[in-house]
Amino acid sequence: MKTLFIAIITLLSATAVVAQDNKNTAKFELGKGLDINLNNGEYHFNLNGFIQVYGAYRNQKDGEDESVFGVKNAFFGFKGGALYNKFTFMLEVNFADSNPLMDAWAAYNYKDYLTITAGQKQTFTNNREMMMHEKGLSMAERSIVSQYFSGTGRELGLFFESRFHIGNVGLKPSIAITTGDGRNSFGSSSVDADMGGLKYGGRLDVLPLGEFKPGNDGVGADFAREATPKLLIGGAMSYNDGASNSAGEGHGDFILYDKDGDTRFPALRKIAADLLFKWQGLSVMAEYVNSSATDLKGIYTKSTGDLPLQPEEIANYLSIGNGYNVQVGYILKNGWAFDARYSKVKPEFKETAKSVLLETDEYAVSVAKYFIDNRLMCQGSFSYWKNPNLKTSNEKLSAELSLQIIF
């Protein structure tokens, strides 16, 4: 962290000198960060971030009321490119997270239609909402579909992303090979080694009505106010060959064994289908996720090898089942935005006291005021959760007020 701080100070100190050279420029714009261009754009660096503070009140039936105030997100990012963005990189941390490293990757941009990335980044093998950066969400929290079937959406590995057109139709095929152990799964320590095998995934997005305005398909609201209807239809799938985290995006949360007492983990399969529609301030997003487990034969819950895992017991370890989410929003020209969401998740097997995924319905609404796109935002939101099969604490109400600034 000390090294990062010194690097930032050095760049800021050099800004005055850079700005005086015709070949070099420095510019700061709220929401876009500090841009430094060298040698007429041959090299490019950007410092950026965003802060989100909030206060919330939560009421849980048959439970205690709770009032919370704090910092939800405190992101700082450093990105850039060399040789006119032939090579690009990104480093991003969230100081509000106990494990702050979020993104750390380098990419080679081969031609205009293929990008190869190595490192830790937000993967495209999840549902659509999980592909949106935290600062681009139009609701206070991600839906229960995202929360049950994903984590932060970041993984470590190799990513291949392509883009091309057939007439006016855009196609975006992508493939990923990752550790399957989520963030910071570097396996460099004997006390925090990677577990299980690799994770393989891919996605195909189709844009039948042409491309969205730049960046507008990566945020919840239609800030760009698309002049003509834009539609994105996507599908993704992944296979995690040995998951030790409920969503397959972490490691070491549980240990299972083979008959000899060595560690052995089930495989986790996940498919997602989604669409995103935007037009003149209107935005509609719909998502479906299915998660299932396989390769369960020969797995034991004890190292002694005398207690085999029963098929339905896997629900105590993995978040398996179905979920769907529908979200509708509208942003006015003056920056006022209104969003509503309904989400539902349902487990594959009958729930028990130990089940990871519980049948849950979520209703949420929000009202926000945006200034200069979403660079400044004040939002009030209300959500209601219901778990029909729980005997106690089966309802939860939450009201939240948040303030966000992107710099």
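Our subject is the structure listed above.
Residues numbered from 1 in each chain as written. Predicted model: local features only at pLDDT ≥ 70, side-chain atom pairs only at ≥ 80, totals over all residues. Heavy atoms only, no water.

Caption draft 1: Representation of the overall build of the chain within the structure. Counting its secondary structure elements, the chain contains two helices and 19 strands. The C-alpha radius of gyration of the chain comes to 22 Å, within 12% of the 22 Å expected for a compact globule of 407 residues. With the principal axes as the frame, the chain shows a C-alpha extent of 75 × 50 × 45 Å. By the burial criterion, 47% of the 407 residues in the chain qualify as buried. Carbon and sulfur atoms provide 60% of the accessible area of the chain, an area that totals close to 19500 Å². Across the chain, 41 positive and 46 negative side-chain charges occur, with their mean positions spaced 5 Å apart. (Helix = DSSP H or I, 4+ residues; strand = E, 2+ residues; numbered from the N terminus. Rg over C-alpha atoms; globule rule 2.2 N^0.38 Å. Buried < 20%, exposed > 50% of the residue type's maximum accessible area, 1.4 Å probe, protein only. Areas by Shrake-Rupley, 256 points an atom, 1.4 Å probe, with all protein chains shown as cover. Lys, Arg positive; Asp, Glu negative; His and termini not counted. Charge placed at Lys NZ, Arg CZ, Asp CG, Glu CD.)

Caption draft 2: Looking closely at the pairing of strand E11 (residues 199–207). In this sheet, E11 lies alongside strand E10 (residues 169–178) in antiparallel orientation, the contact comprising nine bridges. Among the inter-strand pairings, Ile 177 is bridged to a residue of E11, identified as Tyr 200. Note that E11 and strand E12 (residues 230–240) share eight bridges and pair antiparallel. Pairing of Tyr 200 across the sheet is with Tyr 239, part of E12. (Pairing = 2+ DSSP bridges.)

Caption draft 3: Expanded view of the packing of aromatic side chains. Inspection of every chain in the model, using the stated rule, returns 14 aromatic pairs. Consider the rings of Phe 254 and Phe 265, whose centres lie 6.3 Å apart with planes at 65 degrees: the pair is edge-to-face. Remark: Phe 265 occurs in the loop between E12 and strand E13 (267–279) and Phe 254 occurs in the loop between E12 and E13; sequence separation between them is 11 residues. Of the residues examined, Phe 254 reaches a relative accessible area of 10% and is grouped as buried. Overall, the relative accessible area of 8% leaves Phe 265 in the buried class. Joined through ring pairs, the aromatic side chains of Phe 87, Tyr 108, Tyr 110 and Tyr 113 make up one cluster. In this structure, Lys 121 packs its charged tip against the face of Trp 105, placed 5.8 Å from the ring centre. Lys 121 extends its terminal NZ or CZ atom over the ring of Phe 159, reaching a point 5.6 Å from the ring centre. (Phe/Tyr/Trp six-rings, centres within 6.5 Å; stacked < 30°, edge-to-face > 60°. Lys NZ or Arg CZ within 6 Å of the ring centre and 35° of its normal.)

Caption draft 4: Representation of the layout of surface pockets. Computed from the structure, the second largest pocket encloses a volume of approximately 410 Å³. Lining the second largest pocket we find 23 residues, and of these Lys 72, Asn 73, Glu 134, Glu 141 and Arg 142 sit closest to its centre. Listed by contribution, the elements that provide at least two residues to the lining of the second largest pocket are strand E4 (66–82), helix H2 (144–149) and strand E18 (376–386). Of the residues in the lining of the second largest pocket, the class split is seven nonpolar, 10 polar and six charged. (1 Å grid on protein atoms, 1.4 Å probe; cavity = no way out; pocket = protein on both sides within 12 Å on 5 of 7 lines; lining within 4 Å. Points joined across faces, edges and corners; volume = space filled by probe spheres on them. Nonpolar A, V, L, I, M, F, W, Y, C, P; charged D, E, K, R; others polar.)

Caption draft 5: Local environment of unusual backbone geometry. One non-glycine residue, Asn 40, lies in the positive phi region at around 55 degrees. Along the chain, the position of Asn 40 falls in the loop between strand E2 (33–38) and strand E3 (43–60). Taking the relative accessible area as the measure of exposure, Asn 40 reaches 54% and is therefore exposed. Despite not being glycine, Asn 85 has its phi angle at roughly 65 degrees, a positive value. Its place among the elements puts Asn 85 in the loop between E4 and strand E5 (87–94).

Caption draft 6: How the structure looks around the side chain of Gln 122. Within the element layout of this structure, Gln 122 appears in strand E7 (residues 114–122). By relative accessible area, Gln 122 is classed as buried at 14%. Engagement of the side chain of Gln 122 in a polar contact is seen with the backbone oxygen of Met 132, the distance being 3.1 Å. Leaving out residues up to four positions away in the same chain, Gln 122 has contacts with Asp 103, Met 130, Met 131, Met 132, His 133, Arg 142, Thr 152, Gly 153 and Arg 154. (Polar contact = N/O pair within 3.5 Å; in protein donor to acceptor, adjacent residues only side chain to side chain. Contact = heavy atoms within 4.5 Å.)

Caption draft 7: Structural context of a nonpolar patch on the surface. A cluster of nonpolar residues, Leu 158, Ile 175, Ile 177, Leu 198, Tyr 200 and Tyr 239, forms a patch on the protein surface that exposes about 510 Å² of accessible area. Looking at the secondary structure, you find Tyr 239 in strand E12. (Patch = residues over 30% accessible without salt bridge, like charges linked within 9 Å, V, L, I, M, F, W, Y side chains within 5 Å. Salt bridge = Lys/Arg side-chain N within 4 Å of Asp/Glu carboxyl O.)

Caption draft 8: Just the side chain of Glu 226, in detail. Looking at where Glu 226 falls in the secondary structure, it is placed in the loop between E11 and E12. At 5.2 Å, Lys 213 is the nearest oppositely charged side chain to Glu 226, a buried residue that forms no salt bridge. Sequence-distant contacts of Glu 226, defined by excluding residues within four places in its chain, comprise Phe 212, Lys 213, Asn 216, Lys 278, Trp 279 and Gln 280.

Caption draft 9: Fine view of the environment of Asn 374. The topology assignment puts Asn 374 in the loop between strand E17 (360–371) and E18. Distance in space between the C-alpha atoms of Asn 374 and Ser 174 is 28 Å, their sequence separation being 200 residues.

Caption draft 10: Quick peek at empty space enclosed by the protein. Scanning all chains against the criterion turns up three cavities of 30 Å³ or more. Every residue lining the largest cavity is counted, 13 residues in all, and those nearest its centre are Met 132, Ser 138, Gly 220, Met 285 and Gln 327. Where the lining of the largest cavity is concerned, the elements lending two or more residues are strand E14 (282–294) and strand E15 (321–331). Taken as a whole, the second largest cavity spans an internal volume of roughly 50 Å³. Lining the second largest cavity, in full, are Ala 315, Leu 318, Ser 319, Ile 320, Pro 347, Glu 348, Phe 349, Lys 350, Glu 351, Ser 355, Val 356 and Leu 357. Residue composition of the lining of the second largest cavity, grouped by class: seven nonpolar, two polar and three charged.

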